[in-house]
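The primary structure of each chain is shown beneath.
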Amino acid sequence: MNSKQRAYLKGLAMNIDPIFQVGKASLTPELTAAVDEALEARELIKIGVLKNCFDDPKEIAVTLAERTRSEVVQVIGKKIVLFRQAKEKSKIQLP
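Presented here is an overview of the structure given in this document. Computed from a prediction, not measured in an experiment: that's the story for all the values here.

Right, let's get into helix H3 (residues 57–68). The terminal C-alpha atoms of H3 lie 16 Å apart, and with 12 residues this matches the ideal 16 Å at 1.5 Å per residue to within 8%. When we look at burial in H3, the residues that qualify are Pro57, Ile60, Ala61, Leu64, Ala65 and Thr68. What you see down the axis of H3 is that its buried residues fit within an arc of 130 degrees, all on one side. Away from its buried face, by an angle of more than 90 degrees, H3 presents the exposed residues Lys58, Glu59 and Glu66. Each element contacted by the buried residues of H3 is listed here: strand S1 (20–22), helix H2 (29–42), strand S2 (44–49), strand S3 (71–76) and strand S4 (79–83).

Given below as structure tokens:
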């Protein structure tokens with residue numbers, strides 16, 4: 001993903017709310033599976049990391065991206081934005 005595509009996705013992500021929260025249990029297989037399903041349905045998702053999670057949000061983002069075969073768009077504070085192009089009918093067309 002180049003910088004122009006990343007900037008475009010960051011702009012789209014500004015208007016969406018987090019649909020998952022990572023808590024003190026950190027990354028569980030159930031959370032990973034749910035994120036994988038959400039990426040297939042929505043392509044671009046935002047995840048919040050709660051204060052009681054002691055893991056680094058950047059490490060969580062990289063691990064989630066590896067497990068779901070997605071890309072980290074950005075990590076700002078305790079918010080993570082992930083993107084994965086859908087296998088069928090893509091909703092987001094990258095520039």
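What follows is about the side chain of glutamate 43. Structurally, glutamate 43 is set in the loop between H2 and S2. When its relative accessible area of 1% is taken as the criterion, glutamate 43 is described as buried. If we ignore the near neighbours within four places in the chain, the residues touching glutamate 43 are Ala38, Leu82, Phe83, Arg84, Gln85, Ala86, Ser90, Lys91 and Ile92.

With that out of the way, let us pick up the pattern of salt bridges. Under the counting rule described, the total for this entry stands at two salt bridges. Residues aspartate 36 and arginine 84 are paired through a salt bridge, measuring 2.5 Å at the closest nitrogen-oxygen approach. Here the residue aspartate 36 occupies a position in helix H2, and arginine 84 occupies one in the segment after S4, the gap between them amounting to 48 residues. Since its relative accessible area comes to 25%, aspartate 36 is described here as partly exposed. Residues glutamate 40 and arginine 84 are paired through a salt bridge, measuring 3.5 Å at the closest nitrogen-oxygen approach. With a gap of 44 residues between them, glutamate 40 in helix H2 and arginine 84 in the segment after S4 connect regions that are remote in the sequence. On the accessibility criterion, glutamate 40 (29% relative accessible area) is partly exposed. Using a relative accessible area of 11% as the deciding quantity, one classes arginine 84 as buried. What you see here is one network of salt bridges that share partners, running through Asp36, Glu40 and Arg84.

Analysis parameters
- Numbers given for residues are sequential positions, taken from 1 along each chain in its written order.
- Local features are withheld for residues below a pLDDT of 70 in this predicted model, meaning they are given only at 70 or higher, and side-chain atom pairs are given and counted only at 80 or more; totals for whole chains, interfaces and linings count all residues.
- Only hydrogens and water are removed before side-chain values are computed, so all heavy atoms of the structure are retained for them.
- In DSSP terms, a helix is any run of H or I states spanning at least four residues, a strand is any run of E spanning at least two, and both are numbered starting from the N terminus.
- Under the convention used throughout, the expected extent of a helix is 1.5 Å for every residue step, that is, one less than its residue count.
- Only protein chains enter the accessibility calculation, which uses a 1.4 Å probe; a residue is then buried when its area is under 20% of its type maximum, exposed when over 50%, and partly exposed in between.
- When we speak of the arc, we mean the arc of directions from the helix axis to the C-beta atoms.
- Contact definition: two residues touch when any of their heavy atoms are within 4.5 Å.
- A side-chain nitrogen of Lys or Arg and a carboxyl oxygen of Asp or Glu constitute a salt bridge if their distance falls within 4 Å.

So, to be careful, I would describe these as geometric facts and stop short of saying anything about function.
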